[in-house]
Amino acid sequence: MVPGRSAPDELARGLAALTAVMVSTRDVAVTLRDFADTASTMLPGHPLTGVTLHREPGPLTVGSGGSLAMPIDEVANGDGEGPCREAIENGRPVSVPDTAAERRWGRYPARMLAHGVRSVHFEPLLTDGAAIGALHLYSPRAHGFDETVRAAIELTATQIAVLLDAALATARQAELTAQLREALGSRAVIDQALGMIMMQRRCGPEEAFGVLRTASHQRNVKLVRLAADMVRTITGNEPIPPHFGVDRATRSRRDR
């Protein structure tokens, strides 16, 4: 059993702190580290805590501060065997009451013993029935996580899963927005070059695009880069960037 029970209000404060973590940053790695630190503070006995996010091309694992930080690295960078992977793949909690008596997962128990870890517990982070990661805890004592402690861990993992899912959705939206901005910016540059070709050749947009595309292939230069070079050569200025997040009335007042 882990000493030092957490009072209900301590858990409540911890759950509120987890929400504050998600709101305060959009960096996923920093969010995971803060989740781990907060979970360690709010759980009974303040165990060393880690959070793993399952993603491509490989998992991202961070740990709370403490003298047993090395096992966190080993979970992420070892031979791929261990309770963390099993908890994520099966979507169910995995406990190792005593690493000295554990025979599963190849060298994993020996690695934990080498770092003074006698018991571990992994709780999957579930969203829509699938695990997006795991909350993992380490104790220097055998049987360090009893039923009461595991109930608190489950509650904490549920909150982290909800918040992490929201953080990932925000990160994905930011990435999509950046990609859209880049695409619109490229299109704006190309349109400016097409307008110049149409004026020079007195042709339509399809013929102008064919001219630009042929030149791009012949020079082995990307279309948008060729278009930007053309605008600079003809006008002596940089291409005009598109307007983002500014309505027509605002642009009208600004351009007067």
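A quick note: this is a predicted structure, and the numbers were derived from the prediction, not measured.

Student: Quick one: what's the story with the overall build of the protein, residue by residue and with numbers?
Tutor: Within the protein, the secondary structure is distributed over nine helices and five strands. Secondary structure of the protein in N-to-C order comes out as α-α-β-β-α-α-β-α-β-β-α-α-α-α. Contacts spanning at least 24 positions in sequence make up 59% of the contacts within the protein whose residues lie at least 6 apart. Element-wise, carbon and sulfur atoms account for 53% of the exposed surface of the protein, whose accessible area totals about 14,400 Å².

Student: Provide a residue-level description of the nonpolar core, including the pertinent values.
Tutor: Residues L32, L125, L135 and L164 are the most contacted members of the largest nonpolar core, which totals 25 residues. For this core, the secondary structure elements donating two or more residues are α2 (28-42), β1 (48-53), β2 (60-63), β5 (130-139) and α6 (147-201). For this core, the element with the most residues is α6, which contributes nine residues. Ignoring any residue separated from it by four or fewer positions in sequence, one finds L135 in contact with A39, T49, G50, V51, H121, F122, E123, L125, I153, T156, A157 and I160. With 15 residues, the next largest nonpolar core counts I88, V94, W105 and F122 among its residues.

Student: For the side chain of E123, give the residues involved together with the corresponding values.
Tutor: Note that E123 resides in strand β4 (residues 119-127). Apart from residues no more than four positions distant in its own chain, E123 is found in contact with P93, A134, L135, I153, E154 and A157.

Student: How would you sum up the packing of aromatic side chains? Please name residues and give values.
Tutor: Inspection of the entire model under this criterion finds two aromatic pairs. With a centroid separation of 6.1 Å and 90 degrees between ring planes, the pair formed by W105 and Y108 is classed as edge-to-face. The exposure class of W105 is buried, given its relative accessible area of 10%. With a centroid separation of 6.3 Å and an interplanar angle of 80 degrees, the aromatic rings of F122 and Y138 are classed as edge-to-face. Linking F122 in strand β4 with Y138 in strand β5, this pair joins segments that are 16 residues apart in sequence.

Student: Got a sec to walk through the pairing of β5? Specific residues and values, please.
Tutor: For β5, the tally of buried residues reaches nine of ten residues, placing the bulk of the element in the interior. As paired elements, β1 and β5 share six bridges and run antiparallel to each other. Note that in β5 the partner of T49 across the bridge is L137. Direction of pairing for β4 relative to β5: antiparallel, over a ladder of nine bridges. Paired with E123 across the strands is L135, a residue of β5. A loop of two residues connects β4 with β5, the two strands running antiparallel in sequence, and D128 in this loop sits at a positive phi of about 55 degrees.

Student: Any chance you could break down the environment of I240 for me, citing the residues and the numbers?
Tutor: Secondary-structure assignment places I240 in the loop between α8 (223-235) and α9 (248-255). Using a relative accessible area of 59% as the deciding quantity, one classes I240 as exposed. Considering only alpha carbons, one finds I240 and A228, twelve residues apart in sequence, at a separation of 9.7 Å. Aside from chain neighbours lying at most four places away, what touches I240 is A188 and Q192.

Student: Describe the pairing of β2, and please don't skip the residues or the numbers.
Tutor: Working note: regular strand, side chains alternate between the two faces of the sheet. Note that β1 and β2 share four bridges and pair antiparallel. Across the sheet, G50 pairs through a bridge with G63, a residue of β2. Linking β1 to β2, which pair antiparallel, is a turn of six residues.

Student: Which residues make up the environment of L135, and what are the values?
Tutor: Along the chain, L135 falls in strand β5. A sequence separation of eleven residues divides L135 from P124, and the C-alpha atoms of the two residues are 6.2 Å apart.

Student: Run through the sheet that holds β2, naming residues and quoting values.
Tutor: To summarise the sheet geometry, strands pair through backbone hydrogen bonds and adopt either a parallel or an antiparallel arrangement. Here we have five strands laid out as an open sheet, ordered β2-β1-β5-β4-β3, and antiparallel in their pairing. Each having just a single partner strand, β2 and β3 (94-96) make up the two edges of the open sheet. Averaged over neighbouring strand pairs, the angle between their axes works out to 15 degrees when direction is ignored. Most of the contacts of α2 go to β2, to which it runs at about 40 degrees, and overall it touches β1, β2 and β5. Lying on the sheet, helix α4 (residues 83-90) is in contact with β1, β3, β4 and β5; it crosses β5 at an angle near 150 degrees.

Student: Please provide a residue-by-residue account of the confidence of the model for the protein, values included.
Tutor: Taken over all residues, the pLDDT of the protein has a mean of 79, while the share at 70 or more is 78%. Highest mean pLDDT in the protein belongs to β3 (94); lowest belongs to α9 (44). Note that residues 1-5 has pLDDT below 50 and, in this model, 17 contacts with residues that lie over four places away or in other chains. The model gives residues 246-256 a pLDDT under 50, and that stretch makes three contacts with residues more than four places away or in other chains.

Rules and cut-offs
Residues numbered from 1 in each chain as written. Predicted model: local features only at pLDDT ≥ 70, side-chain atom pairs only at ≥ 80, totals over all residues. Heavy atoms only, no water. Helix = DSSP H or I, 4+ residues; strand = E, 2+ residues; numbered from the N terminus. Contact = heavy atoms within 4.5 Å. Areas by Shrake-Rupley, 256 points an atom, 1.4 Å probe, with all protein chains shown as cover. Core = buried A, V, L, I, M, F, W, Y, C linked by side-chain atoms within 4.5 Å. Buried < 20%, exposed > 50% of the residue type's maximum accessible area, 1.4 Å probe, protein only. Phe/Tyr/Trp six-rings, centres within 6.5 Å; stacked < 30°, edge-to-face > 60°. Pairing = 2+ DSSP bridges. Axes fitted to C-alpha atoms, helices over the stretch in contact; angles between N-to-C directions. pLDDT = per-residue confidence, 0-100.

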